[in-house]
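Architecture at a glance
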Amino acid sequence: MTKQQPIQTDTASAVILQIPLEMLYISDLNPRKAVSDAHIESLADSIERFGLIHNLAGLMDEDGKVGIVAGGCRLRAVQMIAERSKAHPFTTLPVKLAADATEAEDWASAENAAREDMTPADEICAFGRMKSRGASVPEIALAFAVTEARVYQRLALAGLPEPVLEALAAGEISLGTAKAFTLSDDEALTLNLLDQVKGQAVSESAIKNALHPDAIKATDRRAKFVGLETYEAEGGTVTRDLFSDEVFLASPALLDRLLAEKLEAARADLVETQAWAWAETRSEAWLNYYELDQMKLARLYPIEGDLSEEETQEYDELADLANGGVLDEDGEARLSELQAILDGDYSEDQKAHAGCIILVNGSGKPEITAGLVRPEDKKAAIEAGVLQAPQTTKSDTPKSPYSQKLVADMQAIRLASVQAALLAKPELVLDLLGFGLSEASGSFESVFGIRLGRPTNAPSVQDGFDHEPRLEHGIDASEYWQNGTRVEDLSEAFTAFREDGKKARNAQITEAIARTLPYQAGGAEFFDLIADEAGADIRKHWTPTAENFFSRVSAGHLVDLLCEFIDCDARDERVVAFAKLKKAEKAEKMEKLVSDPTTQKLMGLTTDQKAKLEKWVPDCT
């Protein structure tokens, strides 16, 4: 090709010429230096199948060759096609020629700056349209220079309801959220949930749980213990997520039955083969030791074994090798044998008076707690010498899950609610006042604190607590000398007070006396009567939050509360996931469960459960 002078023209009128392939090379002005071989190979397949749709752009050098500044990947792909076959059709390529290096550099920068990959939503629609016209997955992959796996995934999304794809295109949901919706075959449920999660950071797992609340992951401890093959052999159905390795079991009742059957077989083996006096199975993933205390079970321990002098030396040598990471399989087996001797075992007498509890732990492994002696067997176990007689008497009263400070706060909150309710019951207040001031209530009993002080009716943690402002008045005894006030002219003040009328007077009396009501005035039963008749409601003034309650109880108690709120046991997948959270995360989750409608929806709360939660107060008031 003859050398040409630079063409002085603007971009719109730049000349496009057919340039021989061997005269083209990648210009140093081209900003895309590193390109993957896989991408070029995929692009070559696409060009070979559909042709070169867009021209290249470049600058002619002094030797008459053209350095490509835009379209370098296309040039590399055509060069790869040429290497594959000498009979290729791309002997020349259309190239737009720049007038000078400045214009060429501007083109290179503009194309790469403007280059923007198709959005997921655009890809989904484009792939779907091409599929509807009869194109195969390999053809779509070639046309768009992507992998077949990507085409399969996008086509799975193409079947989603139109509002879901519109929300994805608008950025109202993430691609992960859209993927989660592919597991749903209920369009009404999908659209209802879509309205709730738009614009919110909701995890894929939460959406999957909301779409299939009963589905169980194959990673669930029950599924691991039973085995996926056994489950499917018994007729259980599974759903596999196209976008992950997750497998979901759709028949929880069948899985629970298989779990119970396999656990029962293990239980029978403990009694029939291993000669324990009794054995029980538990469905939960951990043993509740608080429950064991309530059952008053005693515990026996294995009788430790002794190693001979030679065995002790051998054990030490093998342990050193194991610590150094150089112990072979035979050595590991021998070390395990010696360790088993040291650990010991239960004697026949111990087994004759004790039993076991077997369950499946969170890893899907059977876990046995052995050596448990029932109350009715303790006497015989003591007489047989396998259990020591108790030396001290332990209180049967279980330890309260609440701290004294929390109890005091909840009692203060209840007092405030009773006092606030009395504000609307002036006749009741006056009746109680007369009763408390008369001999009818006894010489040592009073209903109100007549000095008109203010007992503690505000918790130390104010978060979530809405105090009635009319109860803020009055001087606390500890503040009296610092904050007390005097009226210069009592006669004038009294006259002004009377001019306000009886209604204002009665309101002042009711407020002042109500503020003096101490906690559990007249005893718990009588205080309950006052609260009931006044119509007191703690939840009108207090909402449980992470700060004022949930972070102040144990993590185990939070798990128990969640089971109470959603009416399930510890095996429920929602509870299992909750139990894995850190303490602070548990407290925040519980706060949202109480007050956040979206969280309540995702956790599957029923109308009755929501109503119960709106009225719930802890049992330490």
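All values derive from a computational prediction rather than experimental measurement. Residue numbering note: each chain is counted from 1, following its sequence as written. Local features in a predicted model are, by the rule used here, given only for residues with pLDDT of at least 70; side-chain atom pairs are given and counted only at 80 or more, and totals for whole chains, interfaces and linings are based on all residues. Each side-chain value is derived from all of the structure's non-hydrogen atoms; neither hydrogens nor water enter the calculation.

Details of the layout of surface pockets
Roughly 940 Å³ of volume is contained in the second largest pocket. A 1.4 Å probe that fits into a set of points on a 1 Å grid over the protein atoms alone but cannot get out defines a cavity; an open set with protein on both sides within 12 Å along at least five of seven lines defines a pocket, and lining residues are those with an atom within 4 Å of a point. Lining the second largest pocket are 32 residues, with S205, N209, A577, F578 and K589 sitting closest to its centre. No other element matches helix α26 (residues 573–579), which puts 6 residues into the lining of the second largest pocket. Note on residue classes: Ala, Val, Leu, Ile, Met, Phe, Trp, Tyr, Cys and Pro are nonpolar, Asp, Glu, Lys and Arg are charged, and everything else, Gly too, is polar. For the lining of the second largest pocket, a count of residues per class yields 12 nonpolar, 8 polar and 12 charged. Grid points are joined across faces, edges and corners, and a volume is the space filled by probe spheres set on the points. In DSSP terms, a helix is any run of H or I states spanning at least four residues, a strand is any run of E spanning at least two, and both are numbered starting from the N terminus.

Considerations on the sheet that holds strand β6 (residues 216–217)
Picture the strands of a sheet paired through backbone hydrogen bonds; they go either parallel or antiparallel. We treat two strands as partners when DSSP finds at least two bridges between them. Taken together, 3 strands build an open sheet; the order of strands is β6-β8-β7 and the sheet is antiparallel. Unpaired on one side and paired on the other, β6 and β7 (238–240) mark the two borders of the sheet. As paired elements, β7 and strand β8 (residues 247–249) share 3 bridges and run antiparallel to each other. Bridging from a neighbouring strand, R240 pairs with V247 of β8.

What about helix α1 (residues 37–50)?
One full turn of an α-helix is made of 3.6 residues, so residues set three or four places apart face in the same direction. In this model α1 runs 20 Å from its N-terminal to its C-terminal C-alpha over 14 residues, within 8% of the 20 Å that 1.5 Å per residue would give. Directly beyond the C-terminal end of α1, a positive phi value near 90° is found at G51. In this analysis, the expected span of each helix is defined as 1.5 Å times one less than the number of residues it contains.

Here's the deal with the nonpolar core
Only buried residues count toward a nonpolar core. Its members are Ala, Val, Leu, Ile, Met, Phe, Trp, Tyr and Cys residues joined through side-chain atoms within 4.5 Å. A 1.4 Å probe rolled over the protein chains alone gives each residue an accessible area, and that area as a share of the maximum for its type sets the label: buried under 20%, exposed over 50%, partly exposed in between. If you look at the biggest cluster of nonpolar residues, it comprises 30 residues, and the most contacted ones within it are F549, F550, L561, L562, F565 and M590. In terms of residues, this core owes the most to one element, helix α25 (residues 555–566), which gives 7 residues. Throughout, a residue-residue contact means that at least one pair of heavy atoms, one from each residue, lies within 4.5 Å. Setting aside anything within four residues of it in sequence, one finds F549 in contact with Y402, L406, M410, W542, L561, W616 and P618. Counting 26 residues, the second-largest nonpolar core is a separate cluster that includes L255, L263, W276 and A370.

Considering a negative patch on the surface
Together, D328, E329, D330 and E332 give the surface a local cluster of negative charge. Looking at the element boundaries, D328 is found in the loop between α15 (309–323) and α16 (329–343). The class of D328 is partly exposed, set by a relative accessible area of 47%. Residues form patches when they are more than 30% accessible in relative terms and have no salt bridge. Like charges link within 9 Å. Nonpolar side chains (Val, Leu, Ile, Met, Phe, Trp, Tyr) link within 5 Å. Method for areas: the Shrake-Rupley scheme with a 1.4 Å probe, in which residue coverage is limited to the protein chains shown. The salt bridge definition used is simple: a Lys or Arg side-chain nitrogen within 4 Å of an Asp or Glu carboxyl oxygen. When charges are tallied, Lys and Arg are placed among the positive residues and Asp and Glu among the negative ones, while His and the ends of the chain are skipped. We put the charge of a Lys on NZ, of an Arg on CZ, of an Asp on CG and of a Glu on CD.

Here's the deal with the packing of aromatic side chains
When two rings of Phe, Tyr or Trp (its six-membered ring) have centres within 6.5 Å they constitute a pair, described as stacked for plane angles under 30 degrees, edge-to-face for angles over 60, and tilted for the intermediate range. Following the criterion strictly, the structure yields 6 aromatic pairs and no others. With a centroid separation of 6.5 Å and 45° between ring planes, the pair formed by Y402 and F549 is classed as tilted. Here Y402, found in the loop between α18 (378–383) and α19 (404–422), pairs with F549, found in the loop between α24 (524–534) and α25; they are 147 residues apart in sequence, far enough to count as distant. Looking at Y402, the relative accessible area reads 14%, which means it is buried.

What to know about the packing of helix α7 (residues 162–169) against helix α9 (residues 187–197)
Between N-to-C directions, angles cover 0 to 180 degrees, with each direction set by a line fitted to C-alpha atoms, over the stretch in contact for helices. Running from amino to carboxyl end, α7 crosses α9 at an angle of 25°, the nearest separation of the two axes being 9 Å. With respect to α9, the axis of α7 lies roughly parallel. The handedness of the crossing between α7 and α9 is left-handed. Listed contacts from α9 to P163, V164 and A167 of α7 are T190, L191 and L194. Of the residues belonging to the contact of α7 with α9, the class tally is 5 nonpolar, 1 polar and no charged. Just so you know how the angles are binned, under 35 degrees is roughly parallel, over 145 roughly antiparallel, 65 to 115 roughly perpendicular, and the rest oblique. The crossing is said to be left-handed when, going from far helix to near helix, the turn is anticlockwise and less than a right angle, and right-handed when the turn is clockwise.

Digging into the pairing of strand β12 (residues 366–373)
Of the pairings in the sheet, the one linking strand β10 (residues 298–299) to β12 comprises 2 bridges and is antiparallel in character. Note that in β12 the partner of R299 across the bridge is L372. Inspection of the sheet shows strand β11 (residues 355–360) paired to β12 by 6 bridges, in the antiparallel sense. Each bridged residue has a counterpart across the sheet, and for G355 the counterpart in β12 is L372. Linking two consecutive strands that pair antiparallel, namely β11 and β12, is a turn of 5 residues; a positive phi of about 85° is found at G364 within it.

Remarks on the packing of helix α4 (residues 120–132) against helix α6 (residues 148–158)
α6 packs onto α4 with a crossing angle of 90° between their chain directions and a minimal axis gap of 8 Å. For the element pair α4 / α6, the angle class is roughly perpendicular. Along the contact surface, α4 presents P120, E123, I124, F127, G128 and K131, while α6 presents R150, V151, R154, L155, L157 and A158. A per-class count over the contact of α4 with α6 returns 7 nonpolar, 1 polar and 4 charged.

Focus: the side chain of T599
You can see T599 is positioned in helix α28 (residues 597–602). Each residue touching T599, except ones within four places of it in the same chain, is listed here: K592 and L593.

Focus: the state of the cysteines
In plain terms, two cysteine sulfur atoms within 2.5 Å form what is called a disulfide here. Going through the model one piece at a time under the given rule, you end up with 0 disulfides. No disulfide involves C568; its sulfur sits 4.6 Å from the nearest other cysteine sulfur, which is in C563.

Re the side chain of H557
Of note, H557 is situated in helix α25. Note on H557: relative accessible area 14%, which makes it buried. The residues contacting H557, other than those within four sequence positions of it, are P401 and Y402.

A few points about the confidence of the model for the protein chain
As a per-residue quantity, pLDDT reports the predictor's confidence and falls between 0 and 100. Mean pLDDT over the protein chain stands at 80; residues scoring 70 or higher make up 84%. The least confident element of the protein chain is helix α21 (residues 480–483), whose mean pLDDT is 47; the most confident is strand β9 (residues 278–281), at 94. pLDDT under 50 marks residues 1–12. Its contacts with residues more than four places away, or in other chains, come to 19 contacts. Every residue in residues 475–482 is under pLDDT 50, and counting partners more than four places away or in other chains gives 8 contacts.

Re the environment of Y231
Following the sequence through the fold, Y231 ends up in helix α12 (residues 228–233). In sequence terms Y231 and L249 are 18 residues apart; their C-alpha atoms lie 8.7 Å from each other. Excluding its chain neighbours within four sequence positions, the residues that come into contact with Y231 are V226, G236, T237, V238, L249, A250, S251, L254, L255 and L258.

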